[in-house]
Amino acid sequence: MNNNTPKESTIRLMTRLANKHNAVNLSQGFTDMPVIFETLWGLITAAAGGNQKTADFINSATVKDIIKKLNCNEEDFKNLSLKEIFRKIQGKKDVFNQYSYPFGMPELRKTIADYTKTHRGFRPDSETEITVTAGATEGFFASLMTVCSPGDEIIIIQPYHEMYPTQAAIAKVVPKFITLHQDTSGKWKLNTEELKNSINEKTKVLILNTPHNPTGKVFSEKEILEIAEICKKNNIFIFTDEIYEHILFNGLRHYTPAAYKEYKDITFLINSISKTANATGWRIGWVISPEHSTKKLRGIHDTTVMQAPTPLQKATVKLLEMDREFYKNIYIKYKENCRILVEKLRETGFKVAYPEGSYYLFADYTNVKKLKDMTPMDAAVCLITNFGVASVPGDNFYSVGSDGNRYLRFAFCRSLESIKKAADRLNMLNCN
Ligand SMILES: Cc1ncc(COP(=O)(O)O)c(C=O)c1O
C-alpha cells in the first residue's frame, strides 16, 4: 500500500525492472507507437524554422522549392544529407526556440479554447482561464498550490494515479480517500454517501479522473452531475484529470463538470497531449481554471517551471487542430490490443473486465495459480523475472483498506506486436 510520502514512482520503477529483465513493458502508461505525425511535423517546422516565415516555408516546400532556395543544381542536391539540407534551410532569425509567454503562447491558448468548444461544448477565455503547463502533472501541482494551504484536505478516489497523494504530501495537504468498488459484473461504482461523509470544513478539492486509470471506468453524465452538485454545495473545487478523454470504448462519451455553467467556476479542468498525441515525453498540458484563480496559478507555474517548451507548444497547435474524425478514431488502435490481453488474462485465471475507457486492465490475480499466494509487488516482480511481462502492483493505487491487494495493472497501449508478445509469454502461466 502507498504511504503517500514523496518518493520515486513505483510505476517508473517497474519500467526500469522491465528494461533490466527484457520484459514486455505493460507497466507504465506510455506507448511504443509513433507520435502523431502532424504533431511531429509541427515540431520540426517550428524548431528548424525558428520563425513563422521559415516554418511556413518548410511546411509547404517541395523538393523543387528547396533546390531553388539553396541555389544548387539537382545532382549536387541528391548528394546532400537530410542533415545538411536542414542546416542550410534553418531560419536565421529565431523566436520559436526561445522563451515565450510563461502561461502559454497566445496562439496555443486560443487553439485550446477552440478545441474545448469543439469537443466539450464551451469556450474558455484564452486570456483569463487557460494556462499551458508541463503536462497534466505540473498542471495538478500548480492547481493544488493555488487553492490549498498546508493542513487543508483533498478527497482522492482510490484506486488513484500515484501522483495525487504524493503531490498532496509535498504541499502538506491531507488526502482523504474514498473508494471505487467493483461489483460482480465488473463495473466500478462510487458511493456518493462515502463522498459526502468524507467532507468537512477543511475539504478544499475533489480529484476526479475520467476516463479512469487504472479501472477503465468512464463516469457517466449523471454521475458527474451528482458529484459536481455535492462539491458545489460544500464549496469544494473539482480538479478533473481528463488526459484519456478520447480513449473511449463502446460509443461512450466523455463528460466534464467544466462544461456546465453551474460548475465551471468550481472546476479546474486538467488535460495534456501525453496520451492523445502518443507524446508522453513532450510534457505539454494545460489547466482551464476559474478566472478568479488563474493569476495565482500562473504565478506558481511561472515560478516553478516558467513555461512549457516553445517549439512543443507550436507543435501542439497542430495536434489540437486535427479534425473530429481523428479524435473519434483514437480508440481504434487500442481495441484489438485490449481484446487480446483480456482474453489471454482470462485464459490464465485472471478476473478482468473490459474497460470503458483509458488503456488499462485492472486484473484480479487471486485465482492465478502461480501468483495467488503472493503480494501484489511479489506477483508483479515474478511476472517480470519469470515470465517477461511487466505490470504494476495493484496496491500502489490505494492508501487505505486491502482492496488493492487483489490486482495487477496492465497497460495495453503498446503496439499490437508487443501485446501479442506479452500474450504469448503469459501462456506460460498455464504450464505446470
Ligand atoms: C490519470 C493520469 N493522470 C496524469 C498522468 C500524467 O499526465 P502527464 O503526462 O500529462 O503529466 C497520467 C500518466 O500516466 C495518468 O495516468
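Residues numbered from 1 in each chain as written. Predicted model: local features only at pLDDT ≥ 70, side-chain atom pairs only at ≥ 80, totals over all residues.

1. What about the overall build of the protein chain?
- Along the backbone of the protein chain there are 18 helices and 13 strands.
- Here the protein chain has a C-alpha radius of gyration of 23 Å; the compact-globule value for 432 residues is 22 Å, and the two agree.
- For the protein chain, the spread of C-alpha atoms along the principal axes amounts to about 70 × 55 × 40 Å.
- Evaluated residue by residue, the protein chain yields a buried proportion of 47% over its 432 residues.
- Pairs at least 24 apart in sequence give 73% of the contacts found in the protein chain among residues at least 6 apart. (Helix = DSSP H or I, 4+ residues; strand = E, 2+ residues; numbered from the N terminus. Rg over C-alpha atoms; globule rule 2.2 N^0.38 Å. Buried ≥ 20, exposed ≤ 12 C-beta atoms within 10 Å, placed from the backbone. Contact = placed C-beta atoms within 7 Å.)

2. Things to note about the site of the ligand
- As a structural note, the neighbourhood of the ligand is formed by 13 residues, with G135, A136, T137, S272 and S274 the closest of them.
- Considering each element in turn, the shell around the ligand owes the most residues, three residues, to helix α8 (residues 135-147). (Near = placed C-beta within 6 Å.)

3. Some points on the environment of G49
- In this fold, G49 is placed in helix α2 (residues 37-49).
- Between the alpha carbons of G49 and G91 there is a distance of 4.7 Å; along the sequence they are 42 residues apart.
- Non-local contacts of G49, meaning those with residues more than four positions away in its chain, are made with T54, A55, I58, G91 and F96.

4. Re the sheet that holds strand β2 (residues 130-133)
- Read across the open sheet, the eight strands follow the order β2-β9-β8-β7-β6-β3-β4-β5; overall the sheet is mixed. Two strands lie at the open edges of the sheet, namely β2 and β5 (188-190), each paired on one side alone. Taking the axes of each pair of neighbouring strands and ignoring which way they run, one obtains an average angle of 25 degrees across the sheet.
- As paired elements, strand β3 (residues 153-158) and strand β6 (residues 203-209) share four bridges and run parallel to each other. (Pairing = 2+ DSSP bridges. Axes fitted to C-alpha atoms, helices over the stretch in contact; angles between N-to-C directions.)

5. Regarding the nonpolar core
- Counting 113 residues, the largest nonpolar core has A363, V389 and F412 as its most contacted members.
- In terms of residue count, α8 provides more of this core than any other element does, seven residues in total.
- Among the domains, domain 1 (10-33 + 330-430) and domain 3 (106-305) are the pair contributing at least three residues each to this core.
- For A363, the residues in contact, after removing those within four places along its chain, are L345, F350, K351, V352, Y407, L408 and F410. (Core = buried A, V, L, I, M, F, W, Y, C linked by C-beta atoms within 7 Å. Domains from an automatic or database assignment.)

6. Section: α8
- Its 13 residues give α8 an end-to-end C-alpha distance of 19 Å, which sits within 8% of 18 Å, the value for a rise of 1.5 Å per residue.
- With respect to burial, α8 is a largely interior element, twelve of its 13 residues being buried.
- Regarding α8, the residues found buried are G135, A136, E138, G139, F140, F141, A142, S143, L144, M145, T146 and V147. (Expected span 1.5 Å × (residues − 1).)

7. What to know about the domain arrangement of the protein chain
- Here the domain parsing of the protein chain yields domain 1 (10-33 + 330-430), domain 2 (48-89) and domain 3 (106-305).
- In this structure, domain 1 and domain 2 have C-alpha centres spaced 46 Å apart.

8. What about the pairing of β3?
- Counting buried residues in β3 gives six out of six residues, a clear majority hidden from the surface.
- The side-chain alternation of β3 yields two buried faces, one formed by E153, I155 and I157 and the other by I154, I156 and Q158.
- Alignment of β3 against strand β4 (residues 174-182), held across six bridges, turns out to be parallel. By the bridge assignment, I154 is partnered in β4 with P175.
- Traced from β3 through helix α9 (residues 163-170) to β4, the parallel crossover comes out right-handed. (Right-handed = clockwise from strand over helix to strand, strands pointing away.)

9. Quick notes on the packing of α2 against helix α14 (residues 310-320)
- Packing of α2 against α14 brings their axes to within 7 Å, and their N-to-C directions diverge by 140 degrees. As summarised for this structure, α2 and α14 are arranged oblique, according to the angle between their axes. Relative to α14, α2 is oriented so that their crossing is right-handed. Touching E38, T39, W41, G42, L43, A46 and A47 of α2 are P311, L312, K314, A315, V317, K318 and L319, all from α14. (Parallel < 35°, antiparallel > 145°, perpendicular 65-115°, else oblique. Left-handed = near helix turned anticlockwise from the far one by under 90°.)

10. Some details on the pairing of strand β10 (residues 360-364)
- Buried residues dominate β10, accounting for four of its five residues.
- As paired strands, β10 and strand β13 (residues 407-411) are joined by five bridges and run antiparallel to one another. Across the sheet, the residue bridging to F362 is R409, located in β13.

11. Description of the sheet that holds β13
- Read across the sheet, three strands follow the order β10-β13-β12 without closing on themselves; strand pairing throughout is antiparallel. The outermost strands of the open sheet, each flanked by one partner alone, are β10 and β12 (392-393).

12. Brief notes about unusual backbone geometry
- Residue P159 is reached from Q158 by a cis peptide bond, and omega for that bond is 5 degrees.
- Inspection of the secondary structure puts P159 in the loop between β3 and α9.
- Note the cis peptide between T210 and P211, where omega equals -15 degrees.
- Tracing the backbone shows P211 in the loop between β6 and α11 (221-233).
- With a phi close to 60 degrees, N71 is a non-glycine residue in the positive phi region.
- Along the polypeptide, N71 turns up in the loop between α4 (63-70) and α5 (74-78).
- With a phi close to 60 degrees, S358 is a non-glycine residue in the positive phi region.

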